[in-house]
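Next come the chains, spelled out residue by residue.
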Amino acid sequence: MADYYDAFEISPVPPPGPDATPPEIYRGIYGMPMFVTVPTSDLAASVDFWTRGLGFIDLFTIPGQVTHLRRWAFQDVLLVPTGAPQTPSTVSVSFSCVLSQLDGIAQACTTLVPGCTTGPRQTPWNTVDLEVVTPENTRVILTAARLLELDSDEARNLEAMGIPLPKEGNRASQTRMTDSSV
């Protein structure tokens, strides 16, 4: 783990905790370091679900070609129309969120498409995850970090993998250790 270093300042993900607030929707234009392209047979229905259910915005649309969706910085999705119905995907895509958003997202998605959510559930890597299957059969995981308890199984697992734990009393480092990408 000696080659790793703290680079949380480049991430829009806030430190976890009961009072964590999500960042604002990011409307800036930047070179996307990563994005997901989702084919859809019903572009309007997909845009509606992703915006009203998952909380994305329609950053821009090129009619009949692509709709560029976004939540936080670096959470970009391109919806592209296809002529065929989509089969269930074997791949999933995960987006960070905060704990306080999970129930609202689950409720909004279930209102739009009953039965499309599973969870939320706690994971061994110290997150709470909500699985959503979108109208075009994309498996989306909304993942929120939990506060890391230094005497927990999760902390011991991280330490066993070689991830250094924060020192006792260093709360800022402790909260950063629960980034949902770990």
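Residues numbered from 1 in each chain as written. Predicted model: local features only at pLDDT ≥ 70, side-chain atom pairs only at ≥ 80, totals over all residues. Heavy atoms only, no water.

It is not clear to me how the nonpolar core should be interpreted in this structure. Could you clarify?
When a protein is soluble and globular, its nonpolar side chains tend to lie buried together. In terms of nonpolar packing, the biggest core is built from 25 residues, with Trp50, Leu54, Val77, Leu79, Phe95, Val132 and Leu142 touching the most fellow members. Listing elements by their share of this core, those giving two or more residues are strand 1 (36-40), helix 1 (43-53), strand 4 (76-81), strand 5 (92-97), helix 2 (99-112), strand 7 (127-133) and strand 8 (139-145). Those residues in contact with Trp50 that lie beyond four places of it in its chain are Val38, Gly55, Phe56, Leu69, Val77, Leu79, Phe95, Thr134, Glu136, Thr138 and Val140. (Core = buried A, V, L, I, M, F, W, Y, C linked by side-chain atoms within 4.5 Å. Buried < 20%, exposed > 50% of the residue type's maximum accessible area, 1.4 Å probe, protein only. Helix = DSSP H or I, 4+ residues; strand = E, 2+ residues; numbered from the N terminus. Contact = heavy atoms within 4.5 Å.)

Would you explain the sheet that holds strand 2 (residues 57-62) in this entry?
Strands in a sheet are paired, the pairing made by backbone hydrogen bonds, and the direction either parallel or antiparallel. Spatial ordering of the open sheet is given by 1-4-3-2, a layout of four strands whose pairing is mixed. Of all strands in the sheet, those with a lone pairing partner are strand 1 and strand 2, marking the two edges. Ignoring strand direction, the axes of neighbouring strands in this sheet form an average angle of 25°. Sheet topology places strand 1 next to strand 4; five bridges connect them, and they run parallel. Looking across to strand 4, one finds that Thr37 is bridged to Leu78. Of the strands in this sheet, strand 1, strand 2, strand 3 (66-70) and strand 4 touch helix 1, which is tilted by about 160° from strand 4. (Pairing = 2+ DSSP bridges. Axes fitted to C-alpha atoms, helices over the stretch in contact; angles between N-to-C directions.)

Is there a simple way to think about the pattern of salt bridges in this case?
When their charged atoms lie close together, side chains carrying opposite charge are able to pair. For the structure on display, the rule yields five salt bridges. Residues Arg52 and Asp48 are paired through a salt bridge, measuring 2.8 Å at the closest nitrogen-oxygen approach. On the criterion of helical spacing, the pair formed by Arg52 and Asp48 is a turn pair, its members being four residues apart in helix 1. One salt bridge in this structure joins Glu131 and Arg139, with 3.1 Å as the shortest N-O distance. Given the relative accessible area of 22%, Glu131 is considered partly exposed. Take Arg139: its relative accessible area is 31%, and that puts it in the partly exposed class. (Salt bridge = Lys/Arg side-chain N within 4 Å of Asp/Glu carboxyl O.)

Can you help me understand the side chain of Thr143 in this one?
One can find Thr143 in strand 8. At 2.6 Å, the side chain of Thr143 and the side chain of Asp129 are in polar contact. (Polar contact = N/O pair within 3.5 Å; in protein donor to acceptor, adjacent residues only side chain to side chain.)

I tried to follow the pairing of strand 7 on my own but got confused; where do I start?
Each regular strand displays side chains that alternate between the two surfaces of the sheet. Taking burial as the measure, the seven residues of strand 7 include five buried ones, the bulk of the element. Alignment of strand 6 (residues 117-122) against strand 7, held across four bridges, turns out to be antiparallel. The residue of strand 7 that forms the bridge with Arg121 is Asp129. For strand 7 and strand 8, the ladder comprises seven bridges, and the chain directions are antiparallel.

Would you mind showing me how to read helix 3 (residues 153-160) here?
Two residues of an α-helix separated by three or four positions point the same way, owing to the 3.6 residues in each turn. Within the sequence span of helix 3, burial applies to Glu154, Ala155 and Leu158. Summarising the axial view, the buried residues of helix 3 lie within an arc of 100°, below the 170-degree limit, and thus occupy one face. Projecting away from the buried face of helix 3 at angles above 90 degrees are the exposed residues Asp153 and Ala160. (Arc of directions from axis to C-beta.)

What exactly am I supposed to notice about unusual backbone geometry here?
Trans is the prevailing form of peptide bonds, just as negative phi is the prevailing case for residues other than glycine. At the junction of Gly119 and Pro120, the peptide bond is cis and its omega measures out at 5° in the coordinates. Phi at Phe74 takes a positive value of approximately 75°, unusual for a residue other than glycine. Locating Phe74 in the fold gives a position in the loop between strand 3 and strand 4. Relative accessible area serves as the criterion here: at 40%, Phe74 is assigned to the partly exposed category. The backbone of Asn126 sits at a positive phi, close to 75°, despite the residue not being glycine.

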